[in-house]
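Chain by chain, the residues run as shown.
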Amino acid sequence: MAEAMSVSSSGRWIVEYSPSEGSEDDGRLTGGGEDEEALEPCAKRRKALEDDSFLRIKPTVSVSSDDAATDDAMTVPAAVLTMFEGADDTGFEDAVKHDGRTRSFPHVAGNWATHLFVPFCTNSTFGSLVTHLMDELNRWFAASDAHMQVDTLTPTMHLIPANELHISVSRTVTVRHHWIRPLVDSLRKQLQSKSSFVCAFEGLRFYCNDEKTRSFLGLRVSLGRRALAGIAESVNSAFDQFSLPHFYKEMDFHLSIAWWLGNILPNITDDLQRQLQGSFEDFISSRQLSFEVHELHCKTGNKTFSLSLR
């Protein structure tokens, strides 16, 4: 959108807008099947911001000396001066708004957090398993916390929402906006020879992220590990073209089902591990808990791309 500024008879600046191509587009990818034209409005706006000639002052009325003197003495309204008070410019989000969770790295304008994973669709059998395991955990932690000091109590447990369940095949990395389309194209090329496969779970394990800010309980993959490792290597190859970090060398593929703030691994005893493993094995002994993998998802910012397997 082009802008122009003029002076009214009252001596105030008026901003005039003239329509231009792409004026309704914020420059982000908004749907499947976009092409390079989707990036043009963003590029045009960026060019306009770099060139201050887009502010064209057009005096349309004469201004008297008294009016001019008034303009010289004009002060910035208090509402404008205070409109950004209290704003957090560190790039980190308020942890209170996200159950205490914090970003692994600060948000930087133009950088998009990107992550590759296998989506998981839950069912009634899986839901029953999670409920069973959570009941076991709650009983264990309640009994354990009864003998501990307040400052060593286990943090609150949070279930991961069904629509967020997944198996990661990459780290979470940051990419520039103009890398998104080339990266997705490279991932499609790397994965085009990969076939669909079946996964199954064999047990449980507790994990902690690299920053020690969150802990997780995950179901470990048994059947399908080799196929997942091949996919992770293909993702690494695509990431190499953009100097992005590889997936973990120890590829322990798992589906996280619950999380806690901080590092709770010191609270996890061998007895708890054995009890949970026994409960898991008893549950699946008479039930089928496998699933087919037909696609990967690449989530970048608020955008998700589907990458189909053969």
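Right above here is the structure, for reference.
What you see is a predicted model; the values in this text were computed from it and never measured.

## Details of the overall build of the protein chain
Then comes step 1: What the protein chain contains, in helices and strands, is 7 helices and 13 strands.
Then comes step 2: Looking at the protein chain as a whole, 34% of its 310 residues qualify as buried.
Then comes step 3: Within the protein chain, contacts between residues separated by at least 24 positions form 75% of all contacts whose residues are at least 6 apart in sequence.
Then comes step 4: When the accessible surface of the protein chain is summed, it comes to about 18700 Å², and 52% of that surface belongs to carbon and sulfur atoms.

## Focus on the nonpolar core
Generally speaking, soluble globular proteins have nonpolar side chains that are buried together.
Then comes step 1: L137 and V169 are the most contacted members of the largest nonpolar core, which has 62 residues in total.
Then comes step 2: Examining the composition of this core, we find that 7 residues originate from one element, helix α4 (residues 124–145), more than from any other.
Then comes step 3: With sequence-adjacent residues up to four places away left out, V169 is seen in contact with L116, F117, V118, L228, I231, A232, V235, F247, F253 and L296.

## Some details on the packing of aromatic side chains
Then comes step 1: Per the stated rule, a full pass over the model turns up 9 aromatic pairs.
Then comes step 2: Between W179 and F242, the ring centres sit 5.7 Å apart and the planes meet at 45°, which makes this aromatic pair tilted. Pair noted here: W179 is in the loop between β7 (173–176) and α5 (180–191) and F242 is in the loop between α6 (225–240) and β10 (254–261), with a separation of 63 residues, a long-range link.
Then comes step 3: Among the residues examined, F242 registers a relative accessible area of 14% and is labelled buried.
Then comes step 4: Over the ring of W259 we find R214; its NZ or CZ atom is 4.3 Å from the centre of that ring.
Then comes step 5: Here R287 stacks its cationic end above the ring of F283, 3.9 Å away from the centre of that ring.

## Observations concerning helix α7 (residues 270–284)
Then comes step 1: End to end, α7 covers 21 Å across 15 residues, agreeing with the expected 21 Å (1.5 Å per residue, within 8%).
Then comes step 2: Three or more residues of α7 are buried, namely L272, L276, Q277, S279, F280 and F283. The arc that holds the buried residues of α7, viewed along the axis, is 160°, so those residues lie on one side. Exposed and oriented more than 90 degrees from the buried face of α7 are D270, R274 and D282.

## Quick look at the environment of P245
Then comes step 1: Turning to its location among the elements, P245 is positioned in the loop between α6 and β10.
Then comes step 2: Judged by its relative accessible area of 43%, P245 falls in the partly exposed class.
Then comes step 3: Separated by 74 residues in sequence, P245 and R171 place their C-alpha atoms 7.5 Å apart.
Then comes step 4: Discounting residues that sit within four places of it in the chain, P245 has contacts with R171, V173 and F239.

## Some details on the pattern of salt bridges
Then comes step 1: All told, the structure shown has 7 salt bridges when counted by the stated rule.
Then comes step 2: Residue E136 pairs with R139 through a salt bridge whose shortest N-O separation is 3.7 Å. Remark: R139 and E136 occur in helix α4; sequence separation between them is 3 residues, near one turn of the helix.
Then comes step 3: Take E136: its relative accessible area is 12%, and that puts it in the buried class.

## Observations concerning unusual backbone geometry
Then comes step 1: You will see that K212, though not glycine, has its phi angle at about 60°, which is positive.
Then comes step 2: Inspection of the secondary structure puts K212 in the loop between β8 (197–208) and β9 (214–221).
Then comes step 3: The class for K212 is partly exposed, based on a relative accessible area of 49%.

Scoring rules and cut-offs
- Residues numbered from 1 in each chain as written.
- Predicted model: local features only at pLDDT ≥ 70, side-chain atom pairs only at ≥ 80, totals over all residues.
- Heavy atoms only, no water.
- Helix = DSSP H or I, 4+ residues; strand = E, 2+ residues; numbered from the N terminus.
- Buried < 20%, exposed > 50% of the residue type's maximum accessible area, 1.4 Å probe, protein only.
- Contact = heavy atoms within 4.5 Å.
- Areas by Shrake-Rupley, 256 points an atom, 1.4 Å probe, with all protein chains shown as cover.
- Core = buried A, V, L, I, M, F, W, Y, C linked by side-chain atoms within 4.5 Å.
- Phe/Tyr/Trp six-rings, centres within 6.5 Å; stacked < 30°, edge-to-face > 60°.
- Lys NZ or Arg CZ within 6 Å of the ring centre and 35° of its normal.
- Expected span 1.5 Å × (residues − 1).
- Arc of directions from axis to C-beta.
- Salt bridge = Lys/Arg side-chain N within 4 Å of Asp/Glu carboxyl O.

Function-wise, these values are silent; they only describe arrangement.
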